[in-house]
Amino acid sequence: MLTSKLPPPERRSRFRQELASGKLLRFPGAFSPLVAMMIEQHRFEGVYISGAALSADLGLPDIGLTTLSEVASRSEAITRMINLPTIVDLDTGFGEPANVARAVTTIERAGLCGCHIEDQLFPKRCGHLDGKQLVSTDEMVRKIKAAADAKSDSNFLMIARTDARGVENLDAAIERAQRYVDAGAEMIFPEALADESEFAKFRAAIDVPLLANMTEFGKSQLLSTDQLSSLGYNVVIYPVTTLRLAMHAIETGLQDLASAGTQQGSVNSMQTRQELYQLLNYESYAEIDRKLFNFKL
Ligand SMILES: C[C@](O)(C(=O)O)[C@H](CC(=O)O)C(=O)O
Ligand SMILES: [Mg+2]
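Under an unreviewed UniProt entry, the chain has the name Methylisocitrate lyase and belongs to Bythopirellula goksoeyrii. Checking UniProt for the chain, the heading Catalytic activity (unreviewed entry) contains the comment "(2S,3R)-3-hydroxybutane-1,2,3-tricarboxylate = pyruvate + succinate". Under the heading Sequence similarities (unreviewed entry), UniProt records this for the chain: "Belongs to the isocitrate lyase/PEP mutase superfamily. Methylisocitrate lyase family."

Right under this line is the structure:
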């Protein structure tokens, strides 16, 4: 109720333990605190805060237009309402190594368990589009070092994403990832790998935990949790899935309302009032009022 009672250091150390278990941890993306609460209700292991979903929610394309303050405040609002670990997408880190350091500090203070930065040249693109450009390996290494030094909780997870598979090739992506690990990245996010064999090659070459991005309508084959577990991946994100589901449902409902002149035909597809109140834990808020109004000196 109101806010999570789990202090961030405790949440991060629990997350580290889960990660060490070797079990694949599933992180669907949440574009709002309410969606994050539903992800928790459905017993997923964590929540991902996607740059693509966050910018789309603001009506903007995912080309690096959002500010650190916007990302931090949304991340904090989402993290506050759940006990699950949250990981956020910091795009290219909002600038040079010093900006990356400030971004990591800000996000850590917002209570998150980890973040990723990517090796694209600003302005960035969705990792599954053509025409991306990369910064040099040395430049990215400097950003990773700055990020690793900026952490104050050693359990805050620093993830490096490489977009090199789509720009150069798989070997170049592996080479970059190895350099990023040497620079202090504790997990690697290999963006836009094509299929199972590429996921397997990446796993064989890299010693730290790996994150798989199962975004729809992109360049990667959609692999199941069973496939990703047997491939040895540690975290899987479904970054824009909830937003795409919601937007499609909203569109269908609005079309129905416009054509029929009533939403009656869509009521059975809606979350009910009771379901919403349960998710919000409404009853325990009502309890505050009851206690106060029955209070006697
Ligand atoms: C993971 C990602 O960076 C995101 O912002 O969620 C995107 C997802 C997408 O656009 O589908 C990406 O893969 O670049
Ligand atoms: Mg992104």
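*Asks:* What is the right way to read the nonpolar core from this model?
*Replies:* Buried together is how nonpolar side chains tend to be arranged in soluble globular proteins. Formed by 64 residues in total, the largest nonpolar core has its most connected members in Ile-188, Phe-202, Leu-228 and Tyr-233. No other element matches the six residues that helix 8 (residues 170-183) contributes to this core. If sequence neighbours within four positions are ignored, Phe-202 has contacts with Thr-162, Leu-170, Ala-173, Ile-174, Ala-177, Ile-188, Pro-190, Leu-193, Leu-210 and Tyr-233.

*Asks:* Where do I start with the environment of Leu-211 in this structure?
*Replies:* Within the secondary structure, Leu-211 is located in strand 7 (residues 211-213). Taking the relative accessible area as the measure of exposure, Leu-211 reaches 0% and is therefore buried. Measuring from C-alpha to C-alpha, the distance between Leu-211 and Gly-232 comes to 10.0 Å, with 21 residues separating the pair along the chain. Not counting chain neighbours up to four residues away, the residues in contact with Leu-211 comprise Ile-159, Met-187, Ile-188, Phe-189, Pro-190, Tyr-233, Val-235 and Ile-237.

*Asks:* Honestly, the pattern of salt bridges in this entry has me stumped. Any pointers?
*Replies:* It is possible for side chains bearing opposite charge to pair when their charged atoms get close. Tallying each qualifying case throughout the model produces 22 salt bridges. Across the pair Arg-26 and Glu-45 runs a salt bridge whose closest N-O atoms are separated by 2.8 Å. Here Arg-26 is found in strand 1 (residues 25-28), whereas its partner Glu-45 is found in the loop between helix 2 (33-41) and strand 2 (47-49), with 19 residues between them in sequence. By relative accessible area, Arg-26 is classed as partly exposed at 23%. By relative accessible area, which is 11% here, Glu-45 ends up buried. A salt bridge links Asp-163 to Lys-132, with the shortest nitrogen-to-oxygen separation between them at 3.0 Å. Taken together, the positions of Asp-163 in the loop between strand 5 (157-162) and helix 7 (164-167) and Lys-132 in the loop between strand 4 (114-118) and helix 6 (137-150) put the pair 31 residues apart, joining distant regions of the chain. Because the salt bridges share partners, they merge into one network encompassing Asp-91, Glu-118, Lys-124, Lys-132, Arg-161, Asp-163 and Glu-191.

*Asks:* How do you make sense of the packing of helix 6 against helix 8 when you look at a structure like this?
*Replies:* The angle between the axes and the distance between the axes are what describe a pair of packed helices. Where helix 6 contacts helix 8, the two axes come as close as 9 Å, and the packing angle between them is 30°. By the angle between their axes, helix 6 is roughly parallel relative to helix 8. Every pair of crossing elements has a handedness; the one defined by helix 6 and helix 8 is right-handed. Residues Thr-137, Asp-138, Met-140, Val-141, Ile-144 and Lys-145 of helix 6 form the contact with helix 8, whose own contacting residues are Arg-176, Arg-179, Tyr-180 and Ala-183. Broken down by class, the residue content of the contact of helix 6 with helix 8 amounts to five nonpolar, one polar and four charged.

*Asks:* Would you explain the layout of surface pockets in this entry?
*Replies:* Over the atoms, a rolling probe the size of a water molecule traces out where space has been left empty. Computed from the structure, the largest pocket encloses a volume of approximately 1000 Å³. In this structure, the largest pocket is lined by 30 residues; those nearest its centre are Met-38, Leu-245, Ala-246, Ala-249 and Gln-271. For the lining of the largest pocket, the secondary-structure elements that each account for two or more residues are helix 2, helix 3 (51-57), helix 11 (241-260) and helix 12 (273-280). By residue number, the principal contributor to the lining of the largest pocket is helix 11, which donates twelve residues. Classifying every residue of the lining of the largest pocket gives 18 nonpolar, nine polar and three charged.

*Asks:* For this particular structure, what's the right way to read the sheet that holds strand 2?
*Replies:* Strands pair in a sheet through their backbones, by hydrogen bonds, and they do so in one of two ways: parallel or antiparallel. Spatial ordering of the open sheet is given by 2-3-4-5-6, a layout of five strands whose pairing is parallel. A single partner strand is all that each edge strand has here, and the edge strands are strand 2 and strand 6 (187-190). Ignoring strand direction, the axes of neighbouring strands in this sheet form an average angle of 25°. Note that strand 4 and strand 5 share five bridges and pair parallel. Residue pairing for strand 5: Gly-114 is matched across the bridge by Leu-157.

*Asks:* Just checking my understanding: could you explain the pairing of strand 4 for this structure?
*Replies:* When a strand is regular, its side chains alternate between the sheet's two faces. Most of strand 4 is tucked away, with five of its five residues classed as buried. The pairing of strand 3 (residues 86-89) with strand 4 spans three bridges and is parallel. Bridging across to strand 4, Val-88 finds its partner in Cys-115. In the classification by handedness, the crossover that spans strand 3, the intervening helix 5 (residues 97-109) and the parallel strand 4 is right-handed.

The rules behind each value
- In this convention, every chain numbers its residues from 1, walking through the sequence in written order.
- Both sets of labels track the order of writing: A upward for chains, 1 upward for ligands.
- pLDDT decides what is reported in this predicted model: residues at 70 or higher carry local features, side-chain atom pairs at 80 or more are listed and counted, and totals for whole chains, interfaces and linings draw on all residues regardless.
- Only hydrogens and water are set aside when side-chain values are computed; all heavy atoms of the structure are taken into account.
- UniProt positions are given in the numbering used here, feature names are shortened, and annotations may be inferred rather than shown by experiment.
- In plain words, nonpolar cores are sets of buried Ala, Val, Leu, Ile, Met, Phe, Trp, Tyr and Cys residues tied together by side-chain atoms within 4.5 Å.
- The buried label goes to any residue with under 20% of its type's maximum accessible area, the exposed label to any with over 50%, and the partly exposed label to all in between, with areas taken from a 1.4 Å probe on protein chains only.
- Secondary structure elements follow DSSP: runs of H or I no shorter than four residues count as helices, runs of E no shorter than two count as strands, and numbering proceeds from the N terminus.
- Two residues form a contact once any of their heavy atoms are found within 4.5 Å.
- The term salt bridge refers to a pairing of a side-chain nitrogen on Lys or Arg with a carboxyl oxygen on Asp or Glu at a separation within 4 Å.
- Angles here are taken between N-to-C directions and fall from 0 to 180 degrees, while the axes themselves are lines fitted to C-alpha atoms, restricted in helices to the stretch in contact.
- Under this scheme an angle from 65 to 115 degrees is roughly perpendicular, one under 35 degrees roughly parallel, and one over 145 degrees roughly antiparallel; angles in between are oblique.
- For a crossing to be left-handed, the near helix must be turned anticlockwise from the far one by less than a right angle; the clockwise case is right-handed.
- Just so you know the grouping, Ala, Val, Leu, Ile, Met, Phe, Trp, Tyr, Cys and Pro go in nonpolar, Asp, Glu, Lys and Arg go in charged, and all remaining residues, Gly too, go in polar.
- Only protein atoms enter the 1 Å grid used here, on which a cavity is any set of points holding a 1.4 Å probe that cannot leave and a pocket is any open set flanked by protein within 12 Å on both sides along at least five of seven lines; residues with an atom within 4 Å of a point are listed as lining.
- Grid points are joined across faces, edges and corners, and a volume is the space filled by probe spheres set on the points.
- Note on pairing: DSSP must find at least two bridges between two strands before they are called paired.
- Here the term right-handed applies to a crossover when the path leading from its first strand over the helix to its second strand runs clockwise, the strands being oriented away from the viewer.

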